[in-house]
Amino acid sequence: QVQLVQSGGGLVQAGGSLRLSCAVSGRTFGSYGMGWFRQAPGKEREFVAAISSNGGSTYYADSVKGRFTISRDNAKSTVDLQMSSLKPEDTAVYYCAGGKSFLAARRPYEYDYWGQGTQVTVSS
């Protein structure tokens, strides 16, 4: 059974930083791309960042480029999202996702496993 267990998140002031982590079990972690998505109240789930299976390729949404960094540790089967210079518009529930292939994918349908979600709230 594949499980994605998220940790981190919480409440931070604008300009602050947070780190999200996602621990994966039940699959060969190093064979699949990973991603982070977020969903704000009343909005659709949106892509945040993705990383390929070997970490060689990363992609970011324009809204977070230069502020967020995705990374992975294949030895530990974890993927992290370091978030800096946070803005109130970054407030959302964040989800890590396990991809269907080795690619750093940007569409939700390219992922078949999801974490439980973690609330990130940025106050102004």
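Reference entry: report on the structure contained in this document. Keep in mind the model is a prediction, meaning the values are calculated, not measured.

Quick notes on the pattern of salt bridges
Thought 1: Enumeration according to the criterion identifies six salt bridges in this entry.
Thought 2: Taking the shortest distance from any N to any O, the salt bridge between aspartate 80 and arginine 19 comes out at 3.0 Å. One end of the pair, aspartate 80, is in strand E8 (residues 78–83); the other, arginine 19, is in strand E3 (residues 18–25), with 61 residues separating them in the sequence.
Thought 3: Residue classification places arginine 19 among the partly exposed residues on the basis of a relative accessible area of 39%.
Thought 4: Of the charged contacts, one joins aspartate 112 and arginine 27 as a salt bridge, the two residues approaching to 3.7 Å between their closest N and O atoms. Residue aspartate 112 is located in strand E10 (residues 111–114), and its partner arginine 27 is located in the loop between E3 and strand E4 (34–39); the two are separated by 85 residues in the primary sequence.
Thought 5: Salt bridges sharing common partners tie together Arg38, Glu46, Arg67 and Asp90.

Brief notes about the environment of serine 71
Thought 1: Relative to the helices and strands, serine 71 resides in strand E7 (residues 68–73).
Thought 2: With a relative accessible area of 27%, serine 71 lands in the partly exposed category.
Thought 3: Here the alpha-carbon distance between serine 71 and glycine 56, two residues 15 residues apart in the chain, equals 10.0 Å.
Thought 4: The residues touching serine 71, leaving out its near neighbours within four places in the chain, are Arg19, Ile51, Thr78, Val79 and Asp80.

A closer look at the nonpolar core
Thought 1: In terms of nonpolar packing, the biggest core is built from 34 residues, with Trp36, Leu81, Met83 and Tyr94 touching the most fellow members.
Thought 2: Breaking this core down by element, the ones donating at least two residues are E3, E4, strand E5 (46–51), E7, E8, strand E9 (92–99) and strand E11 (118–123).
Thought 3: A total of five residues in this core trace back to one element, the largest contributor, which is E5.

Things to note about the side chain of serine 53
Thought 1: In this fold, serine 53 is placed in the loop between E5 and strand E6 (58–60).
Thought 2: Take serine 53: its relative accessible area is 10%, and that puts it in the buried class.
Thought 3: When residues no more than four places from it in sequence are discounted, the contact partners of serine 53 are Gly30, Ser31, Tyr32, Gly33, Arg72, Asn74 and Phe102.

A short note on the state of the cysteines
Thought 1: Counted by the stated rule, this structure contains one disulfide.
Thought 2: Between cysteine 22 and cysteine 96 runs a disulfide, and the two sulfur atoms are separated by 2.1 Å. One quick way to see it: the torsion about the S-S bond of cysteine 22 and cysteine 96 is about 50°, and its sign makes the bridge right-handed. Of this pair, cysteine 22 sits in strand E3 while cysteine 96 sits in strand E9, placing them 74 residues apart in sequence.

Quick notes on the packing of aromatic side chains
Thought 1: One pass over the full model with this rule turns up four aromatic pairs.
Thought 2: Ring plane angle 80° and centroid distance 5.3 Å describe the contact between phenylalanine 37 and tyrosine 111, whose orientation is recorded as edge-to-face. Note that phenylalanine 37 is positioned in strand E4 and tyrosine 111 in strand E10, a separation of 74 residues in sequence. Assigned by exposure class, phenylalanine 37 and tyrosine 111 land together as buried.
Thought 3: An angle of 55° between the planes, with centres 6.1 Å apart, marks the rings of tyrosine 111 and tryptophan 114 as tilted.
Thought 4: Taking the relative accessible area as the measure of exposure, tyrosine 111 reaches 4% and is therefore buried.
Thought 5: Judged by its relative accessible area of 29%, tryptophan 114 falls in the partly exposed class.
Thought 6: Among the aromatic residues, ring-to-ring pairing joins Phe37, Phe47, Tyr111 and Trp114 into one connected group.
Thought 7: The residue whose ring lies beneath arginine 45 is tryptophan 114, and the NZ or CZ to ring-centre distance is 4.7 Å.

Conventions used here
Residues numbered from 1 in each chain as written. Predicted model: local features only at pLDDT ≥ 70, side-chain atom pairs only at ≥ 80, totals over all residues. Heavy atoms only, no water. Salt bridge = Lys/Arg side-chain N within 4 Å of Asp/Glu carboxyl O. Helix = DSSP H or I, 4+ residues; strand = E, 2+ residues; numbered from the N terminus. Buried < 20%, exposed > 50% of the residue type's maximum accessible area, 1.4 Å probe, protein only. Contact = heavy atoms within 4.5 Å. Core = buried A, V, L, I, M, F, W, Y, C linked by side-chain atoms within 4.5 Å. Disulfide = S-S within 2.5 Å. Phe/Tyr/Trp six-rings, centres within 6.5 Å; stacked < 30°, edge-to-face > 60°. Lys NZ or Arg CZ within 6 Å of the ring centre and 35° of its normal.

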